[in-house]
Amino acid sequence: MPNQITKKYSLNVDPRILELLGPNLYTNIYYVLAELIANAYDADAKNVYIFANKDDIRVEDDGHGMSYKDREIEKYLNVAGVSRSNSIDSKTKSGTRHKMGRKGVGKLAALSVAEDVDIMTVTASGERSGFILSRRPVDEKNLSEIEDANIKFDRITNHGTAIVMRNPQYRLHKTLDAISRNLLKIFPLVNQDFKIHIIRENETVVIQDFDQNMMTELATLTTFGSKFSTLAEKVENPFPDKRAELVVVRDEHSIPITMKANDGLEHEYHLKILGWIGTYKSTRGRKSDVTDFPDNFISLFANEKLGEFNILPSVGQNKLTEVYIVGQLHIDLFELTELPDMALSNRQGYKSDDPRYEAVRKYIRDELLGDVLRKRELYTDLKNKQKKQATEDDQKKNEEKLKKNVDTFRRSVSEKTVKALTARGVNIPQRELEAAVLQSISDSSPDLGLKAIVDSQKKKILISQTLKDKSFSDVIYQMLLFNNVPVDAILYTNCDDEICRVPEGRHVYEYLRDFFVESYSNQKIYVLFVTSENTKVSWGAITEVGAAWITQVDHKIFNIHPFQPGHPLDNSSQWQSTNREQSTQGDLWMSNLNADILCQKIEAVCDTLGFSKKSRIDNRSHLGTLIAFRNDT
């Protein structure tokens, strides 16, 4: 065996910088892994293997490896040495990939996890090299060598590199699924040509298809550029008629921009935005402790590498629906070699005053987000409509079953009664006759078991109002919700929430007739009348008053002064009164007494229908956020 040549691994930087930067440069184990995976990508690796071992975290790749003879290791140890300065050295050895690395500090990433990191590498020619990257080198800039006999790989056979973080200060998640989800969020560049293998003991997960992991969870999607257009095919299609509005394939978005290049001259560039953005079907079942990153985000990538995980907080408007947003946008101009480097040292953000960054933020904030949220609103409307239609279909089926059961019940009782009378003779005592009938009814009563289901599916409360009185009707509606009345228990034709409105294509009177008049169920709807001067000129409102009188339903009156509710409403009972300010375009207000009366009536409705009401103090406090109180005058 030939003598092994003596190698020196000299770090071209003051060793104290390792102790200062190592633990502080990266704040998350997955950002560290992303840097190591990026190094493997730049080495033209086909596979990256991440081992979550008991005493270390090991990352291996089957890239080219680094040659000591060809001074590739010397270049690697040149911390902060620029890895690309022109278009020629911006490509990997194979010439098929754009280099991700640029600053030359990514090799310090592993020192954020461990004080000592083993670096072992082998080239295609069989040349092996190894050294220990340490926060505290024992001999100034010279790192400890790893003897060839101790250079061992777990999965690498021909060429590649292994990074072993011994006694790590961070740990990976206990489940490989959580590790996979974290890595996919910050490093989505996986496919058949670049796979990530996660290994813990005898368990292995291979990440090789980002699309399948994410797209099937989306309700809406917009793609930019032909490279991402096929993602649209993976989004499910529950509403074929509206598919073109929910899932949109666009060309890349281009923004002209003038920038001063590294040569000191200004040039015209086109900032091209590619990628995708969409919204989740639902946020249910997403536990915050499953991953280290939120599920709603808009990430920015350049040259396939993460530059900023989430730009959403700086461009969003804090709308509740933003919780559904997810996207990954690629802007390679951010990493154009001839332009100034705008990435922060830890690859966790960009310089906020760079014109490229400002242009992207403006486009997302002013144009893209609004379009995405409109798609989400359409999806929500379609889902609500679908849900309402399914509920109504169930109601109709159960109503038909109930009618059939009632008819069967009547026939059965009659038949059994006749038989019972015949068996006992015509001239039987009345007590025995009553007993026979009661026994027949008892025997047939199970046929009526569906009545409870029919009653439970009905709307419980109708807010009868006119469109001109919507502002006050909304107050009543919000107070019902505050008192735990379910949205789908309320029928309110002018409600902003579609669930409360009459199903599309149905008329309110037809709907009421089907389920509250022509029904064997005796579950009555509770009507809350919002009355005003507008009531007497609204045919619909007058008709609802008449319907309530005919069916003798319970009701409460919420009146806007100076209107005086009259018969057939129960105007003999105290009604609640609200005022409308004519001088301020109809602002509403009420006295403290009437505020209390409104709360009292809402609570009484809840008591009648079995809903869990709030306390009077809580109700008055909440009502005060919806409408102004004034002293009686």
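The rules we used
- Residues numbered from 1 in each chain as written.
- Predicted model: local features only at pLDDT ≥ 70, side-chain atom pairs only at ≥ 80, totals over all residues.
- Heavy atoms only, no water.
- Helix = DSSP H or I, 4+ residues; strand = E, 2+ residues; numbered from the N terminus.
- Buried < 20%, exposed > 50% of the residue type's maximum accessible area, 1.4 Å probe, protein only.
- Contact = heavy atoms within 4.5 Å.
- Areas by Shrake-Rupley, 256 points an atom, 1.4 Å probe, with all protein chains shown as cover.
- Salt bridge = Lys/Arg side-chain N within 4 Å of Asp/Glu carboxyl O.
- Pairing = 2+ DSSP bridges.
- pLDDT = per-residue confidence, 0-100.
- Axes fitted to C-alpha atoms, helices over the stretch in contact; angles between N-to-C directions.
- Left-handed = near helix turned anticlockwise from the far one by under 90°.
- Nonpolar A, V, L, I, M, F, W, Y, C, P; charged D, E, K, R; others polar.
- Phe/Tyr/Trp six-rings, centres within 6.5 Å; stacked < 30°, edge-to-face > 60°.
- Core = buried A, V, L, I, M, F, W, Y, C linked by side-chain atoms within 4.5 Å.
- Expected span 1.5 Å × (residues − 1).
- Parallel < 35°, antiparallel > 145°, perpendicular 65-115°, else oblique.

Caption draft 1: Up close: the overall build of the protein. A tally of helices and strands in the protein yields 15 helices and 23 strands. Taken across its 633 residues, the protein has 49% of its residues classed as buried. A sequence separation of at least 24 residues applies to 70% of the contacts in the protein between residues at least 6 apart. Accessible surface, the protein as shown: approximately 31500 Å² in total, 49% of it carbon and sulfur.

Caption draft 2: Summary view of the pattern of salt bridges. Across all of its chains, the model carries 23 salt bridges by this definition. As a salt-bridge pair, Glu74 and Arg71 come within 2.8 Å of each other at their nearest N and O atoms. Given the relative accessible area of 45%, Glu74 is considered partly exposed. For Arg365, the salt bridge identified is with Asp366, shortest N-O distance 3.3 Å. Residue classification places Asp366 among the partly exposed residues on the basis of a relative accessible area of 45%. It is possible to trace a salt-bridge network through shared partners that takes in Asp596, Glu603, Arg616 and Arg620.

Caption draft 3: Seen up close, the side chain of Ser473. Position of Ser473 relative to the elements: it lies in helix 11 (residues 470-482). A relative accessible area of 0% places Ser473 in the buried class. When sequence neighbours within four positions are dropped, the list of residues in contact with Ser473 reads Ile463, Gln465, Tyr492 and Val530.

Caption draft 4: Up close: the sheet that holds strand 5 (residues 128-134). A sheet is described by the order of its strands in space; here 9 strands give the open sequence 1-6-5-4-7-3-2-8-9, paired in mixed fashion. The sheet is open, and its two borders are formed by strand 1 (9-10) and strand 9 (203-207), each paired with just one other strand. Relative to strand 7 (residues 160-166), strand 4 (residues 116-122) runs antiparallel, the two sharing 6 bridges. The partner of Ile119 across the bridge, within strand 7, is Ile163.

Caption draft 5: Quick look at the confidence of the model for the protein. The predicted model of the protein has a mean per-residue pLDDT of 80, with 75% of residues at 70 or higher. For the protein, the element scoring lowest by mean pLDDT is helix 10 (residues 451-457), at 43; strand 11 (residues 247-250) scores highest, at 96. Contacts from residues 446-457, a stretch scored under 50 in pLDDT, to residues over four places away or in other chains number 23 contacts.

Caption draft 6: Structural view of unusual backbone geometry. Here the amide bond leading from His561 into Pro562 is cis, since omega sits at 15°, within 30 degrees of zero. Turning to its location among the elements, Pro562 is positioned in the loop between strand 20 (555-560) and strand 21 (576-581). Within the chain, Glu201 stands out as a residue other than glycine whose phi angle is a positive 55°. Tracing the sequence through the fold places Glu201 in the loop between strand 8 (195-200) and strand 9.

Caption draft 7: Structural view of the environment of Ile617. With respect to the helices, strands and loops of the structure, Ile617 is situated in helix 15 (residues 616-623). Between the alpha carbons of Ile617 and Cys599 there is a distance of 9.4 Å; along the sequence they are 18 residues apart.

Caption draft 8: Up close: the packing of helix 2 (residues 29-42) against helix 4 (residues 176-186). Relative orientation of the contacting elements helix 2 and helix 4 amounts to 65°, with a least axis distance of 10 Å. Here helix 2 and helix 4 pass one another in a crossing that is right-handed. Residue-level contacts link Tyr30, Tyr31, Leu33, Ala34 and Ile37 of helix 2 to Ile179, Asn182, Leu183 and Ile186 of helix 4. In terms of residue class, the contact of helix 2 with helix 4 is built from 8 nonpolar, 1 polar and no charged.

Caption draft 9: Expanded view of the packing of aromatic side chains. Taken as a whole and assessed by the stated rule, the structure comprises 8 aromatic pairs. Ring geometry for Phe187 versus Phe194: centroids 5.9 Å apart, planes at 40°, classification tilted. Side by side, Phe187 and Phe194 carry an identical accessibility label, which is buried. With a centroid separation of 4.8 Å and an interplanar angle of 65°, the aromatic rings of Phe334 and Tyr350 are classed as edge-to-face. Linking Phe334 in the loop between strand 16 (325-330) and helix 8 (355-424) with Tyr350 in the loop between strand 16 and helix 8, this pair joins segments that are 16 residues apart in sequence. Across the pair, exposure class does not vary: Phe334 and Tyr350 are buried alike.

Caption draft 10: Representation of the nonpolar core within the structure. Grouped together as the largest cluster of nonpolar side chains are 74 residues, with contacts concentrated most on Met165 and Leu183. Those residues in contact with Leu183 that lie beyond four places of it in its chain are Tyr30, Leu33, Ile37, Ile50, Pro188, Ile196, Ile198 and Ile207. The next biggest cluster of nonpolar side chains, apart from the first, holds 33 residues, and it includes Phe224, Tyr269, Ile325 and Tyr363.

Caption draft 11: Representation of helix 11 within the structure. In a regular helix each residue adds 1.5 Å, so 13 residues correspond to 18 Å; helix 11 covers 18 Å between its end C-alpha atoms and thus fits that length. Taken as a whole, helix 11 has its buried residues at Lys470, Phe472, Ser473, Val475, Ile476, Tyr477, Met479 and Leu480. Asn484 sits one or two residues past helix 11 and shows a positive phi near 70°.

Caption draft 12: Molecular detail of the sheet that holds strand 20. In spatial order, the strands read 18-17-19-20-21-22-23; together these 7 strands make up an open sheet with mixed pairing. Where the open sheet ends on each side, the last strands, each with one partner, are strand 18 (490-491) and strand 23 (628-630). Of the strand pairs in this sheet, strand 17 (residues 461-464) and strand 19 (residues 526-531) are connected by 4 bridges, and their pairing is parallel. Residue pairing for strand 19: Ile463 is matched across the bridge by Leu528.

Caption draft 13: Region of interest: the packing of helix 14 (residues 592-609) against helix 15. Two elements in contact, helix 14 and helix 15, have axes separated by 10 Å at closest approach and are oriented at 120°. Relative to helix 15, the element helix 14 lies oblique. Like other packed secondary-structure pairs, helix 14 and helix 15 cross with a definite hand, here right-handed. Of the residues in helix 15, those touching helix 14 at Asn592, Ala595, Asp596, Leu598, Cys599, Gln600 and Glu603 are Arg616, Asn619, Arg620 and Leu623. Of the residues contributing to the contact of helix 14 with helix 15, the split by class is 4 nonpolar, 3 polar and 4 charged.

Caption draft 14: Broad picture of the pairing of strand 21. Counting buried positions along strand 21 yields 5 of 6 residues, so the element is predominantly enclosed. Both strand 20 and strand 21 contribute to a ladder of 3 bridges, which runs parallel. Residue pairing in the sheet places Ile560 in a bridge with Thr578 of strand 21.

Caption draft 15: Here's a closer look at the environment of Val545. Here Val545 shows up in helix 13 (residues 539-551). Overall, the relative accessible area of 13% leaves Val545 in the buried class. Beyond its immediate stretch of four places on either side in the chain, Val545 contacts Phe529, Pro568 and Leu569.

Caption draft 16: Just the pairing of strand 10 (residues 218-224), in detail. With respect to burial, strand 10 is a largely interior element, 7 of its 7 residues being buried. Pairing of strand 10 with strand 13 (residues 266-280), which is carried by 6 bridges, proceeds in the antiparallel orientation. Each residue of the ladder has a partner; that of Leu221, found in strand 13, is Gly278. In this structure, strand 10 lies alongside strand 11, joined through 4 bridges in parallel fashion. Along strand 11, the bridge assignment pairs Leu221 with Val247.

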